[in-house]
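A closer look at the structure
Each chain is listed here by its residues.
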Amino acid sequence: MSSRIINFGSINIDHVYNVTQMPIAGETISAKSYKKFLGGKGINQSIAAFKAGAKLIHVGAIAEDDAWTYAEIEKFGINCNHLDKSRHSTGHAIIFVDDTGENEIVIFGGANQNLEVSQIEKALDGPTGNKDWVLIQTETNLLTEIAVKAKIKGFKVAYAAAPFVEEIALELIDKIDFLAVNEGEASQLAKALNVDPDNIPVPGLLITRGAKGATLIENGKKLQQSAFEVKAVDTTGAGDTFLGSFLSVYIEDGNAAMALEYAAAASAVQVTRAGAAVAIPDRQKVEAFLELRKTK
Ligand code: RIB
């Protein structure tokens, strides 16, 4: 049976403001431009995994009257069977992107923080294959319930500890097979556990380091991946692209080095375009990028 990823993931409407410089406390500034995009760490990861070839099921919720977000998700080819219509508003993010491509983000959870247990049970129902994974991030509620139920059903569980909430990360640490964190999140969690970041006690640990690349530590074995040099326009969703792409290739092929290289290439291409989900490249584009870099 081919592998599946069931992603219990956030969905946001990203309101993106391009600014010359980030505003400081008490300051009012004018944006150079404004655009509305599909975003949310969960759906970004789903789209990256799907574009890399994963059999992907996205479980999430948006407002019952929100036709725009539904249509955006459908446009990417993501199956919407497990998308609940919520009485809460669709989650959203206010995002500032400066001239260097860096961002600052404030999110409002809305429907993402009101997933229901019945939705989880329905999504996990049916036979589980030995290469089936469940993916979660900190932008939805019910994370412990999802992880525990998924493990009982025989899924492997991957957790992206973003946005970082210490209590939630500590609660989940012994219930997961794979943890994805950026450098800052790794340091915070390691400090709370009183260990070195590389020794966070999980079977698989992915630490992304932006332009410095990524480290994968799997059962004590360490692999480094450097980042490809590109001119970044917007780094929003780069980490999501890395994780979704990595998991898709890794689960299907079991080759961690290849999956890391693919993920680094996918996120390098992604940051050269504006927006989060819309900027995620498909497999053909990523492979063409890799080919070009190898012949240079
Ligand atoms: O990781 C990027 C994402 O974080 C954005 O798309 C935004 O919605 C926030 O969830």
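Check the entry above for the structure.
Description of the structure in this document. (Residues numbered from 1 in each chain as written. Predicted model: local features only at pLDDT ≥ 70, side-chain atom pairs only at ≥ 80, totals over all residues. Heavy atoms only, no water.)

Sheets are built from strands paired through backbone hydrogen bonds, the pairs being either parallel or antiparallel. Taking strand neighbours across the sheet as the criterion, the 4 strands line up as β3-β2-β6-β7 in an open arrangement whose pairing is mixed. A single partner strand is all that each edge strand has here, and the edge strands are β3 (33-39) and β7 (103-108). Taken pair by pair, the neighbouring strands of this sheet meet at an average axis angle of 20°, ignoring direction. Judged from the 6 bridges that link them, strand β6 (residues 91-97) and β7 form a sheet pairing that is antiparallel. The partner of Ile 95 across the bridge, within β7, is Ile 105. Contacts from helix α2 (residues 67-75) reach β2 (12-18) and β3 within the one sheet, and its direction differs from that of β3 by about 65°. (Pairing = 2+ DSSP bridges. Helix = DSSP H or I, 4+ residues; strand = E, 2+ residues; numbered from the N terminus. Axes fitted to C-alpha atoms, helices over the stretch in contact; angles between N-to-C directions. Contact = heavy atoms within 4.5 Å.)

Of the positions making up helix α6 (residues 183-193), those classed as buried are Glu 185, Ala 186, Leu 189 and Ala 190. All buried residues of α6 lie within an arc of 130° about the axis, which places them on one face of the element. The secondary structure elements touched by the buried residues of α6 are α5 (166-172), β10 (178-182) and β11 (204-208). Structurally, the start of α6 carries an N-cap: the backbone nitrogen of Gly 184 is 3.1 Å from a side-chain oxygen of Asn 182. A positive phi of about 60° marks Asn 194, the residue just after α6. (Buried < 20%, exposed > 50% of the residue type's maximum accessible area, 1.4 Å probe, protein only. Arc of directions from axis to C-beta. Polar contact = N/O pair within 3.5 Å; in protein donor to acceptor, adjacent residues only side chain to side chain.)

A few words on the site of the ligand. Near the ligand, the surroundings consist of 14 residues, among which Asp 14, Gly 40, Lys 41, Glu 139 and Asp 240 are the closest. In this structure, Lys 41 approaches the ligand through a side-chain N or O atom, which is 2.9 Å from an oxygen atom. Contacts to the ligand include Asp 240, whose side-chain N or O atom sits 2.7 Å from an oxygen atom. Against a free-state accessible area of 280 Å², the protein chains account for coverage of 96% of the ligand. Put simply, the parts of the chain that give the shell around the ligand at least two residues each are β2, α1 (41-52) and β7. Looking at the shell around the ligand residue by residue, the classes come out as 4 nonpolar, 6 polar and 4 charged. (Near = heavy atom within 4 Å. Areas by Shrake-Rupley, 256 points an atom, 1.4 Å probe, with all protein chains shown as cover. Nonpolar A, V, L, I, M, F, W, Y, C, P; charged D, E, K, R; others polar.)

Coordinates in, geometry out; function isn't part of it.
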